[in-house]
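Breakdown of the fold
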Amino acid sequence: MTDTADPRDRLIVALDLPGVPEAEALIDRIGEAATFYKIGYQLAYAGGLALAERLVARGLKVFLDLKLHDIGNTVAEGVRAASGSGATFLTVHAYPQTMRAALRGRGAGLKILAVTVLTSYDDADAAEAGYALPVAELVAKRAAQAAEIGIDGLVCSAAEAVSIRRIVGPERLIVTPGIRPAGAAAGDQKRVMTPGQARDAGIDHVVVGRPITGAADPRAAVQAIVAALT
Ligand code: C5P
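Quick caveat: nothing in here was measured; it's all calculated off a predicted structure.

Bringing the site of the ligand into the picture now. As a matter of local geometry, the ligand sits amid Ala14, Asp16, Lys38, Thr119, Pro177, Arg180, Gln189, Val207, Val208, Gly209, Arg210 and Pro211. Between the ligand and Gly209 there is a distance of 2.7 Å, counted from an oxygen atom to a backbone nitrogen or oxygen. Looking at the shell around the ligand residue by residue, the class counts come to 5 nonpolar, 3 polar and 4 charged.

What follows is the structure, given as structure tokens:
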């Protein structure tokens, strides 16, 4: 676990919006309350990579949630190119070859986060995909491999955070979605944690989307979450 000097950095706002104009409007409404934004597939393929560079130029931090997985050379070169954006975090799938390649391509300032097993997978999905292990064991195995390889951090569900912290030790970052302020709608998140519980579980950064993007006052929503995290 790391100490983040600015408490606002602990909250990563997921820009799950259809386009750059909507994302920029939200960022303007939030103002200085948030410092860290996540750009995923939806926005990345709709001008989000250029937006990432503009945010970095404004002194904001960016998490590129691109979940890379390919042959080693392609991953290493892709990560090298992504490093040029000035992003702080980039995700890859937690396959040993992919994680090693990502670390080879990682430039200064970029941290690689590994996604162990997608939380939409249950044991039947893992078996269908050809894995012999149940999901919980696969998660534990990949988390141990990630730590051994020297990955910077892991993305995991709130439900997995405590067990993954035990496996990876205090040095790795743990980044967790599925966070809901007390009383907020869970949406399609099945197991959720409040910001206070996330802090107590030793989670370094929480990723929050709809409770902010859908709030009548997104800035107030951000401020309440940051206050609850600190
Ligand atoms: O809107 P919400 O707060 O549920 O958004 C959470 C963000 O975290 C979304 O960008 C979603 O894709 C991402 N995420 C997740 N659960 C995972 C992995 C990523 O919700 N297991």
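Contact geometry for helix α6 (residues 135–149) and helix α7 (residues 161–168): axes closest at 9 Å, N-to-C directions at 40°. Of the possible angle classes, the one that applies to α6 and α7 is oblique. Considering how the two elements wind past one another, α6 and α7 form a crossing that is right-handed. Residue-level inspection shows Val139, Ala140, Ala143, Ala144 and Ala147 of α6 in contact with α7, the latter providing Ile164, Ile167 and Val168. Grouping the amino acids of the contact of α6 with α7 by side-chain chemistry returns 8 nonpolar, no polar and no charged.

Relative to each other, helix α3 (residues 72–83) and helix α4 (residues 96–105) sit at 40°, their axes nearing to 7 Å. In terms of orientation, α3 lies oblique with respect to α4. The crossing of α3 and α4 is right-handed. Residues Gly72, Val75, Ala76, Val79, Arg80 and Ser83 of α3 pack against Gln97, Thr98, Ala101, Ala102, Arg104 and Gly105 of α4. Here the residues of the contact of α3 with α4 are counted per class, giving 5 nonpolar, 5 polar and 2 charged.

The next thing to look at is the pattern of salt bridges. Considering all chains together, one arrives at 10 salt bridges under this definition. A salt bridge links Glu24 to Arg54; its shortest N-O distance comes to 3.0 Å. On the criterion of sequence distance, the pair formed by Glu24 in helix α1 (residues 20–30) and Arg54 in helix α2 (residues 41–57) is long-range, its members being 30 residues apart. Among the residues examined, Glu24 registers a relative accessible area of 28% and is labelled partly exposed. Residue Arg54 is classed as partly exposed on the basis of its relative accessible area, which comes to 38%. Arg199 is the partner of Asp200 in a salt bridge, and the nearest nitrogen-oxygen pair spans 3.1 Å. Look at Asp200 and you get exposed, because its relative accessible area is 60%. Classification of Arg199 as partly exposed rests on a relative accessible area of 32%. Linked through salt bridges whose partners overlap, the residues forming this network are Lys38, Asp65 and Lys67.

Definitions and cut-offs
Residues numbered from 1 in each chain as written. Predicted model: local features only at pLDDT ≥ 70, side-chain atom pairs only at ≥ 80, totals over all residues. Heavy atoms only, no water. Near = heavy atom within 4 Å. Polar contact = N/O pair within 3.5 Å; in protein donor to acceptor, adjacent residues only side chain to side chain. Nonpolar A, V, L, I, M, F, W, Y, C, P; charged D, E, K, R; others polar. Axes fitted to C-alpha atoms, helices over the stretch in contact; angles between N-to-C directions. Helix = DSSP H or I, 4+ residues; strand = E, 2+ residues; numbered from the N terminus. Parallel < 35°, antiparallel > 145°, perpendicular 65-115°, else oblique. Left-handed = near helix turned anticlockwise from the far one by under 90°. Contact = heavy atoms within 4.5 Å. Salt bridge = Lys/Arg side-chain N within 4 Å of Asp/Glu carboxyl O. Buried < 20%, exposed > 50% of the residue type's maximum accessible area, 1.4 Å probe, protein only.

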